[in-house]
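Examining the three-dimensional arrangement
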Amino acid sequence: MKQTVFAIALFAVLPFSAAFSAGDYDDGMSAYKAGNYAEAAKRFQAGADKADAASRYWLGILYGRGLGIARDSRKALTLHQLAAEQDYAPALYAIGRHHLRGRPPHRDTAKANAYLGRAAAQGHREAQYLLGMMYRAGEGVDKSHETAATWFEKAAAQQHPKALTAMGQAYFYRLGVDRDYKEAMKWYIKAAVKGDNVAQNAIGVMYAKGQGVPANHQIAFSWFEQSAKNGNPVAQGNLGELYFRGKRGIPRSFEKAYLWNAVAVMTDKKTPMLKRRSHQVRSRDLAAKELAPGKLAELEQAVARCWFQPKTCP
């Protein structure tokens, strides 16, 4: 009897809106997952009208993407701002990201850092990773590799692929932690098996140079190929280089050297003509000189296909 009275008393002190808005949110999420966006919008709207933070956030998502409701970026932002004022972590992250868009005065890194910090403190792994990147670059905060590594490690503990890679980079390049190639490899492997192509390329480099592991060009080749087929232009250039040289157990192929370097140049076309891209262009052109004109024309078609779908490259 005492337990029943206690339960009734506990329910009595809950706000009326909180007792019912959770149902609106749950119904909205069920409709959203089922692809019934119009119904999801209705249920989230009902929850938002009762000041439910989660409903406000997801209604904002629907407005932002135009799912089940007319697209309205301003309403999306307003709803996310309201949810952020209720300290709802996903909304704090969304507002933080919003302040990183564009250029000053619209871009406000200090505000972004404040919102992301609040989300990160609640364990939001995307916010933790992005906050780490801001500390690594000194965006909106004093540059600190030590603080960056702390946030990367928190996100990595939640298996965030890019944070796992960032931890590998921290140990490889001595960014906020002591250099330790074996520790770097450990983090890179964790990220690579999750499909992160930056980590996959980094492992290839470490095997090619014998950093933290015995040098092995066959294993390096395997990781470069995996990363290249996952769209990494640096790995595509590295793979092309191995094919061009054809040493240490790697079969020489001017066709594949041309193919992968050409794909790398196309994938990396937004990068200014820095040393890396200039090297890829040079390697492509050197391989082209070894090919018959007819073969070169044939390869151009293959380059276009590989650039669009690198996983299909031979």
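The shown structure was predicted, so the numbers you read here are calculated from the model rather than taken from an experiment. (Residues numbered from 1 in each chain as written. Predicted model: local features only at pLDDT ≥ 70, side-chain atom pairs only at ≥ 80, totals over all residues. Heavy atoms only, no water.)

Within the protein chain, the regular secondary structure consists of 17 helices and zero strands. The C-alpha radius of gyration computed for the protein chain amounts to 25 Å, which surpasses the reference 20 Å derived for 314 residues by more than 25%, pointing to a less compact arrangement than a globule. Taken over the C-alpha atoms alone, the protein chain extends approximately 85 × 45 × 45 Å along its principal axes. Within the protein chain, buried positions represent 43% of all 314 residues. Across the protein chain, every contact between residues at least 6 apart in sequence was considered, and the portion connecting residues at least 24 apart equals 48%. Carbon and sulfur atoms form 54% of the exposed surface of the protein chain, whose accessible area is close to 17000 Å². Computed over 45 positive and 27 negative side-chain charges, the inter-centroid distance for the protein chain is 5 Å. (Helix = DSSP H or I, 4+ residues; strand = E, 2+ residues; numbered from the N terminus. Rg over C-alpha atoms; globule rule 2.2 N^0.38 Å. Buried < 20%, exposed > 50% of the residue type's maximum accessible area, 1.4 Å probe, protein only. Contact = heavy atoms within 4.5 Å. Areas by Shrake-Rupley, 256 points an atom, 1.4 Å probe, with all protein chains shown as cover. Lys, Arg positive; Asp, Glu negative; His and termini not counted. Charge placed at Lys NZ, Arg CZ, Asp CG, Glu CD.)

This brings us to the pattern of salt bridges. Side-chain pairs of opposite charge can arise where the charged atoms are in close proximity. Here the structure, examined in full by the defined rule, presents ten salt bridges. A salt bridge links Asp87 to Arg118; the shortest N-O distance between them is 3.0 Å. With Asp87 in the loop between helix H5 (73-85) and helix H6 (89-98) and Arg118 in helix H7 (residues 109-121), the pair connects residues that are 31 residues apart, well separated along the chain. Judged by its relative accessible area of 38%, Asp87 falls in the partly exposed class. Given a relative accessible area of 36%, Arg118 falls into the partly exposed group. (Salt bridge = Lys/Arg side-chain N within 4 Å of Asp/Glu carboxyl O.)

Assignment of secondary structure puts Gln280 in helix H16 (residues 275-288). Filtering out sequence-adjacent residues up to four positions away, Gln280 remains in contact with Pro233, Val234, Gly237, Asn261, Ala264, Val265 and Asp268.

For any part of a model where pLDDT is low, the fine detail of the predicted coordinates should not be relied upon. Here the protein chain shows a mean pLDDT of 90. Residues at 70 or above account for 90%. Low pLDDT, under 50, characterises residues 1-19; the stretch is placed with two contacts to residues that sit more than four places away or in other chains. (pLDDT = per-residue confidence, 0-100.)

Right, let's talk about the packing of helix H13 (residues 217-229) against helix H14 (residues 233-245) for a bit. Contact geometry for H13 and H14: axes closest at 8 Å, N-to-C directions at 135 degrees. Taken as axis vectors, H13 and H14 run oblique relative to one another. Judged by the sense of rotation from one axis to the other, the crossing of H13 with H14 is left-handed. On H14, the residues that touch His217, Phe221, Phe224, Glu225, Ser227 and Ala228 of H13 are Ala235, Gln236, Asn238, Leu239, Leu242 and Tyr243. Of the residues belonging to the contact of H13 with H14, the class tally is seven nonpolar, four polar and one charged. (Axes fitted to C-alpha atoms, helices over the stretch in contact; angles between N-to-C directions. Parallel < 35°, antiparallel > 145°, perpendicular 65-115°, else oblique. Left-handed = near helix turned anticlockwise from the far one by under 90°. Nonpolar A, V, L, I, M, F, W, Y, C, P; charged D, E, K, R; others polar.)

Now for the environment of Ala192. Assignment of secondary structure puts Ala192 in helix H11 (residues 181-192). Exposure remark for Ala192: the relative accessible area of 2% places this residue in the buried category. Along the backbone, Ala192 and Asp27 are 165 residues apart, and their C-alpha atoms lie at a distance of 37 Å. Apart from the residues within four sequence positions on either side, Ala192 is in contact with Ala199, Gln200, Ile203, Trp223 and Gln226.

All right, on to a nonpolar patch on the surface then. A contiguous nonpolar surface patch, about 330 Å² in accessible area, is contributed by Met266, Trp307 and Phe308. In this structure, Phe308 sits in helix H17 (residues 293-308). (Patch = residues over 30% accessible without salt bridge, like charges linked within 9 Å, V, L, I, M, F, W, Y side chains within 5 Å.)

Take the state of the cysteines next. Two cysteines joined by a covalent bond between their sulfur atoms form a disulfide. Per the stated rule, a full pass over the model turns up one disulfide. The side chain of Cys306 participates in a disulfide bridge whose partner is Cys313; the two sulfur atoms lie 1.9 Å from each other. (Disulfide = S-S within 2.5 Å.)

With that settled, consider helix H4 (residues 53-65). One turn of the α-helix equals 3.6 residues, which is why residues spaced by three or four share an orientation. The terminal C-alpha atoms of H4 lie 19 Å apart, and with 13 residues this matches the ideal 18 Å at 1.5 Å per residue to within 8%. For H4, the buried fraction is high: eleven of the 13 residues fall into the buried class. Those residues of H4 that fall on the buried side of the exposure criterion are Ala53, Ala54, Ser55, Arg56, Tyr57, Trp58, Leu59, Gly60, Ile61, Leu62 and Tyr63. Positive backbone phi, approximately 65 degrees, marks Gly66, located one or two places after H4. (Expected span 1.5 Å × (residues − 1).)

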